[in-house]
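What follows is the residue order along each chain.
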Amino acid sequence: MVTSESRLAPMGEGLWARTLPDGLMLFGDLDVVSEQSFRRAVSARARRDRGSLVVDVTQLNFLDGRGLAALFGLVEDHVDFSLRVRAGSLVDRVVQISGLEQVIRIERIPA
């Protein structure tokens, strides 16, 4: 059975999200094209839920500098969130190199 929570919703060109009980699971690319709509959507969800969110990027195909900037921007906006990444993935390597794990919680899922 497909519920409204299990459907993918567009978050910008090339980026979709599935609503999770504790946050969002992203699919596609978090990049220059989608970063603004992503940041607005996550900020709005955080204001609505008023709790810590999980942004699950285990299914993300691509994360560029602008997508990374959007994640740092959420920190600047005081959004309480953690990032769930697939250990050893390209996204995980970008997160490690960027220093993002110095400012937010990172949950690594085994590959």
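Reading the values: rules and limits
- Residues numbered from 1 in each chain as written.
- Predicted model: local features only at pLDDT ≥ 70, side-chain atom pairs only at ≥ 80, totals over all residues.
- Heavy atoms only, no water.
- Helix = DSSP H or I, 4+ residues; strand = E, 2+ residues; numbered from the N terminus.
- Contact = heavy atoms within 4.5 Å.
- Core = buried A, V, L, I, M, F, W, Y, C linked by side-chain atoms within 4.5 Å.
- Buried < 20%, exposed > 50% of the residue type's maximum accessible area, 1.4 Å probe, protein only.
- Pairing = 2+ DSSP bridges.
- Axes fitted to C-alpha atoms, helices over the stretch in contact; angles between N-to-C directions.

**Student:** Could you give me a rundown of the environment of Leu15, with the residues and numbers involved?
**Tutor:** Secondary-structure assignment places Leu15 in strand S2 (residues 15-20). Sequence separation between Leu15 and Arg84 is 69 residues, and the spatial gap between their C-alpha atoms is 17 Å. Not counting chain neighbours up to four residues away, the residues in contact with Leu15 comprise Ala9, Pro10, Leu26, Phe27, Asp29, Leu30, Ser34, Phe38 and Leu60.

**Student:** Just give me the short version of the nonpolar core, but keep the residues and values in it.
**Tutor:** Counting residues in hydrophobic clusters, the biggest one holds 26 residues, and the most contacted among them are Leu26, Phe38, Val42, Leu71 and Leu83. Secondary structure elements with two or more residues in this core: S2, strand S3 (23-30), helix H1 (35-49), strand S4 (53-63), helix H2 (65-76), strand S5 (81-86) and helix H3 (90-98). Counting residues per element, this core draws most heavily on S4, which supplies five residues. Not counting residues up to four positions away in its chain, the partners in contact with Phe38 are Met11, Leu15, Leu26, Leu30, Val55, Ala70, Leu71 and Leu74.

**Student:** Please set out the sheet that holds S4 residue by residue, giving values where relevant.
**Tutor:** Taken in spatial order, the six strands of this open sheet run S1-S2-S3-S4-S5-S6, and their pairing is mixed. Since the sheet does not close on itself, it has two edges, and those belong to strand S1 (8-12) and strand S6 (105-109), each with one partner. Mean inter-strand twist for the sheet, computed between neighbouring axes without regard to direction, equals 30°. The pairing of S1 with S2 spans four bridges and is classified as antiparallel. What sits directly across from Ala9, in S2, is Ala17. Its contacts with the sheet put H2 on S3, S4 and S5, and the angle it makes with S5 is roughly 150°. Here H3 sits on the sheet and contacts S4, S5 and S6; the angle it forms with S5, its principal contact strand, is near 130°.

**Student:** Could you give an account of the environment of Ser37, with specific residues and numbers?
**Tutor:** Along the chain, Ser37 turns up in helix H1. Through-space distance from the C-alpha of Ser37 to that of Ala70 is 9.6 Å; in sequence the pair is 33 residues apart. When neighbours within four sequence positions are excluded, Ser37 is seen to be in contact with Met11 and Gly12.

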